[in-house]
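Chain and residue survey
Listed here are the chains, written in short residue letters.
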Amino acid sequence: MGEVRLSNIRKTYKGGAEAVKGISCEIKDKEFMVLVGPSGCGKSTVLRMIAGLEEISDGDLFIGDKKVNDIAASDRGIAMVIQNYALYPHMNSYENMAFGLKIKKLPKDEINERVMAAAKILNVESLLDRKPGKMSGGQRQRIAIGRAIVRRPEVFLFDEPLSNLDAKLRSKMRIELAKLHKKLNTTMIYVTHDQVEAMTLGERIIVMNDGNIMQIATPIDLFNNPQNKFVAEFIGSPQMNFIIGRIENQKSNHKFIDNNGNTFDLSKLELNNLKESNGKELFLGIRSENLRWGNENLENYATLKGKVIAIELLGNQKHIYLDYNGLEMVATIRSDVEVKLNSDIEIFLDLNKAYLFDKETGERIY
């Protein structure tokens, strides 16, 4: 069984620096789980603790039904792929893929069968006699993945394996990894700082920040239902817009008043839990696609007046950056809508798609 369970796992280094602060989660057998977050959030440290390359300071780690805290990395039934490939330059691809099996003293026939099977899965049969220096980055990464496949582990670990590849090849390799997961039907745990990789690869995603888990959910649930401001800001490109202000409640009439004195009428929203937030500072969040060029078909909206400070054309759509009373915001609109730089514009905020976050805790309250 390739189930991985972390129970209150901590990692504290000498001097007291705490990289992982007591996290708990369960990665299901045969699941593709992605750990994502900014640099230094602790995601790679978590992966290294699962691999047995980093000692666990506190808590329990289970692979299947076995506690593995004190089990050597080589005996955990895992295989790891890292970003710099770590191939032996003096060996050809076949030898690199076979090396770990030779160390385990498997029979030659079995080694050959495993290497050739992995090469067929990855479509690298023609590369088996080449050394790493004669291959592209994508080819080297396939061989590194093949070296992991031949071990037939219960769990595959990937630590930012595509970060050294160019954008086009990264996109292609993401598709290949997704197909590989279906072919192998095994547990994969993948670490990245790239939210596009996380959203396209993960069946579920663990969002981390400062050694803590901020949320665990499917990609679409993270996007539509962020539990806190950090997740709302981190997931989505461009990132969510935020306007700071306060709530004023008068019976069933709720208003959000931003720091420039502009009032947004929230009375049509189901805001039953905002009584305690009366007068408190909040962030109103809105994604760029919900800042509309026109107010047609919008039942509930607020009008924002600003100046266009930048335009980013992206084929069939474009990002319009505007200065809203000193606050930079971005709207995503169709590319055929004519907008001029430095012009004054009106943008319509779809209040039915807005979020409210507590300024102090960052937790979502609507």
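For the structure, check the block above.
Criteria and thresholds
Residues numbered from 1 in each chain as written. Predicted model: local features only at pLDDT ≥ 70, side-chain atom pairs only at ≥ 80, totals over all residues. Heavy atoms only, no water. Axes fitted to C-alpha atoms, helices over the stretch in contact; angles between N-to-C directions. Helix = DSSP H or I, 4+ residues; strand = E, 2+ residues; numbered from the N terminus. Parallel < 35°, antiparallel > 145°, perpendicular 65-115°, else oblique. Left-handed = near helix turned anticlockwise from the far one by under 90°. Contact = heavy atoms within 4.5 Å. Nonpolar A, V, L, I, M, F, W, Y, C, P; charged D, E, K, R; others polar. Pairing = 2+ DSSP bridges. Buried < 20%, exposed > 50% of the residue type's maximum accessible area, 1.4 Å probe, protein only. Lys, Arg positive; Asp, Glu negative; His and termini not counted. Salt bridge = Lys/Arg side-chain N within 4 Å of Asp/Glu carboxyl O.

To continue, consider the packing of helix H2 (residues 93–103) against helix H4 (residues 137–149). It is the contact of H2 with H4, at a shortest axis distance of 8 Å, that shows an interaxial angle of 30°. The angle between the axes of H2 and H4 places the two elements in the roughly parallel class. Pair H2 / H4 crosses with right-handed handedness. Between H2, through Ser-93, Asn-96 and Met-97, and H4, the contact on the second element is made entirely by Ile-143, Gly-146 and Arg-147. For the contact of H2 with H4, the class distribution of residues is two nonpolar, three polar and one charged.

On to the sheet that holds strand S16 (residues 301–314). As summarised here, the arrangement of the five strands in space is S15-S19-S16-S17-S18, forming an open sheet in which the pairing is antiparallel. Edge positions in the sheet fall to strand S15 (291–292) and strand S18 (327–334), since each has one partner strand and no second. Examined bridge by bridge, strand S17 (residues 317–324) and S18 share eight bridges and lie antiparallel to one another. Within S18, the residue paired with Ile-320 across the bridge is Ala-331.

Here the focus is the side chain of Asp-258. Mapped onto the secondary structure, Asp-258 falls in strand S12 (residues 253–258). Lacking a salt bridge, the buried Asp-258 has Arg-246 as its closest oppositely charged neighbour, with an N-O distance of 7.7 Å.

So, about helix H1 (residues 43–51). The buried fraction of H1 is high, at seven of nine residues. Taken as a whole, H1 has its buried residues at Lys-43, Thr-45, Val-46, Leu-47, Met-49, Ile-50 and Ala-51.

With that settled, consider the sheet that holds strand S4 (residues 58–63). The four strands lie next to each other as S2-S1-S4-S5, forming an open sheet whose pairing is antiparallel. Of all the strands in the sheet, just strand S2 (18–27) and strand S5 (66–67) have a single pairing partner and so form its edges. Taken strand by strand, H1 contacts strand S1 (4–12), S2 and S4, and its axis lies near 115° from that of S1.

On to the packing of H4 against helix H5 (residues 167–184), then. Running from amino to carboxyl end, H4 crosses H5 at an angle of 20°, the nearest separation of the two axes being 12 Å. Accordingly, the angle class assigned to the pair H4 and H5 is roughly parallel. Our pair here, H4 against H5, has a crossing hand that is right-handed. Residues Gly-138, Gln-141, Arg-142, Ile-145 and Ile-149 of H4 touch H5, and the partners they reach there are Leu-169, Lys-172, Met-173, Glu-176, Leu-177, Leu-180 and Leu-184. Its residues placed into classes, the contact of H4 with H5 shows seven nonpolar, two polar and three charged.

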